[in-house]
Amino acid sequence: MKLIILGPPGAGKGTQAQKICDDFNAVQISTGDILRAEVSNNTELGKKAQSYMDKGELVPDKIILGMMEKKLFGEEAPSGYILDGFPRTIPQAEGLTELYEEHKEELDAIILLDVDRQEIVRRLTARRVCKECNQVYNLEFMPPEEEGVCDECGGELIQRDDDKEETVLNRLDVYEEETSPLVDYYSKTGKLEKVDANGGPDEVYDNIKEVLESL
Ligand code: AMP
């Protein structure tokens, strides 16, 4: 199964992608996670990406498309995956469509997580991430057992710089401007599936599962 999970930051894309992977034998490919790993390994790509990421701006399309072509069509490309955080702009979506045509592959569906702006700000400013293993928590509805400590590995939980309120508002504006046009782009393919994502993680997943089982 080849899917895109689409929605504003804080819609729960990462959380839902993990659940889909467990049930549908796929791997999650998150451009945000790949870029953060490049930044912490201080690679050339990481150095280029960091200044954009710190401000909540998008990394240039050319850099992202080159990185994703290797991931999706290189020797180690997985057969089933969920793209999380990519594509994020119309040029990225067009670039991806060209790559699928070139490699004679096809997407199965684009899942759109539909959430209210107010709910997103509430969720994102309460998000904490493990510094060591990247496990995600939410102080409101998925808190760790011990404050500030990861349940999985004991690592320190931190707030990502881009989850601070001012940056969250900027990321939402960027989403409205650059990413929401993707909804129109993909609805024309007839493969866009809109899912109500205002509820808790399990409730949202039930909605997604229903869609995927009907494909
Ligand atoms: P995320 O974890 O998906 O919210 O991504 C964190 C940051 O990484 C974003 O605010 C962007 O700066 C950058 N980023 C992730 N994916 C992309 C993409 N597809 N295109 C451009 N920038 C991206």
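Here the structure is a predicted model, which is why all the values come from computation and not from measurement. Here the residue index of a chain counts from 1 through its sequence in written order. Totals for whole chains, interfaces and linings use every residue, but because this is a predicted model, local features are given only for residues with pLDDT of at least 70 and side-chain atom pairs only at 80 or more, for both listing and counting. Excluding hydrogens and water, the side-chain figures rest on all heavy atoms present in the structure.

Undergrad: Could you give an account of the pattern of salt bridges, naming the residues involved and the relevant values?
TA: What makes a salt bridge here is a side-chain nitrogen of Lys or Arg within 4 Å of a carboxyl oxygen of Asp or Glu, nothing more. One pass over the full model with this rule turns up 16 salt bridges. For K194, the salt bridge identified is with D114, shortest N-O distance 3.9 Å. With K194 in strand β8 (residues 192-196) and D114 in strand β4 (residues 109-114), the pair connects residues that are 80 residues apart, well separated along the chain. One salt-bridge network, in which partners are shared between bridges, spans E119, R122, R123 and E140. Under the DSSP-based scheme used, a helix requires at least four consecutive residues in state H or I and a strand at least two consecutive residues in state E, with every element numbered from the N terminus.

Undergrad: Explain the pairing of strand β1 (residues 2-6) to me, and be specific about the residues and the numbers.
TA: For β1, a buried count of 5 out of 5 residues is recorded, marking the element as mostly surrounded by other parts of the structure. Judged by which residues are buried, β1 turns out to be covered on both faces: K2, I4 and L6 on one side and L3 and I5 on the other are all buried. Note: β1 against strand β3 (residues 81-84), 4 bridges, orientation parallel. The residue of β3 that forms the bridge with L3 is I82. Here 4 bridges tie β1 to β4, and the two strands are oriented parallel to one another. Residue I5 lies in a different strand from β4, and its bridge partner there is I111. For every residue, the accessible area obtained with a 1.4 Å probe (protein chains only) is divided by the maximum for its type, and the residue is called buried under 20%, exposed over 50%, and partly exposed between those limits. Two strands are said to pair when DSSP picks up at least two bridges between them.

Undergrad: Break down the sheet that holds β4 for me, with residues and values.
TA: Sheet architecture is open: 5 strands sit in the order β2-β3-β1-β4-β8, paired in parallel fashion. Looking at strand neighbours, the two that pair on one side only are β2 (27-30) and β8, the edges of this open sheet. Between one strand axis and the next, the sheet turns through 25° on average, direction left out of account. Note on definitions: a residue-residue contact is assigned when non-hydrogen atoms from the two residues lie within 4.5 Å. Every angle, taken between N-to-C directions, lies between 0 and 180 degrees, and every axis is a line fitted to C-alpha atoms, over only the stretch in contact when it is a helix. Across the face of the sheet, helix α1 (residues 13-24) comes into contact with β1, β2, β3 and β4 while running at roughly 155° to β1.

Undergrad: Report on helix α3 (residues 44-54), specifying residues and quantitative values.
TA: Taken together, the buried positions of α3 are occupied by L45, G46, A49 and M53. One side of α3 holds all its buried residues, which, seen down the axis, span an arc of 80°. Exposed and facing more than 90 degrees away from the buried side of α3 are E44 and K48. Looking at the buried residues of α3, the elements they touch are α2 (31-40) and α4 (61-73). Positive phi appears at G56, one or two residues downstream of α3, with a value of about 80°. The arc under discussion is defined with respect to the helix axis, by the directions toward the C-beta atoms.

Undergrad: Lay out the site of the ligand with the relevant residues and their values.
TA: Close to the ligand lie 16 residues; T31, R36, E57, G85 and Q92 are nearest. Throughout this description, a polar contact denotes any pair of N or O atoms lying within 3.5 Å of each other; where both atoms belong to protein, one of them has to be capable of donating a hydrogen while the other can accept it, and for residues adjacent in sequence the pair is counted only when both atoms sit in side chains. E57 has a polar backbone atom sitting 2.5 Å from an oxygen atom of the ligand. For the ligand, a nitrogen atom lies 2.8 Å from a polar atom in the backbone of G85. Protein contact buries 95% of the 480 Å² of open area that the ligand shows by itself. Here the residues of the shell around the ligand are counted per class, giving 6 nonpolar, 4 polar and 6 charged. Any residue with at least one heavy atom within 4 Å of a molecule or strand is counted as near it. Computed with the Shrake-Rupley method and a 1.4 Å probe, the accessible areas treat only the protein chains shown as cover for residues. Gly is put with the polar residues, along with every residue not named as nonpolar or charged; the nonpolar set is Ala, Val, Leu, Ile, Met, Phe, Trp, Tyr, Cys and Pro, and the charged set is Asp, Glu, Lys and Arg.

Undergrad: So what about the packing of α1 against helix α9 (residues 201-213)? Which residues, and what values?
TA: For the pair α1 and α9, the least separation of the axes is 10 Å and the interaxial angle reads 50°. With respect to their mutual orientation, α1 and α9 come out oblique. The two elements α1 and α9 cross, and the hand of that crossing is right-handed. Note on element contacts: α9 touches α1 through P201, D202, V204, Y205, I208, K209, L212 and E213, opposite T15, Q16, K19, I20, D23 and F24. Residues belonging to the contact of α1 with α9 are distributed by class as follows: 7 nonpolar, 2 polar and 5 charged. We call two directions roughly parallel when the angle between them is under 35 degrees, roughly antiparallel when it is over 145, roughly perpendicular when it lies between 65 and 115, and oblique otherwise. In this scheme, a crossing is called left-handed if the near helix is turned counterclockwise away from the far one by less than a right angle; it is called right-handed if the turn is clockwise.

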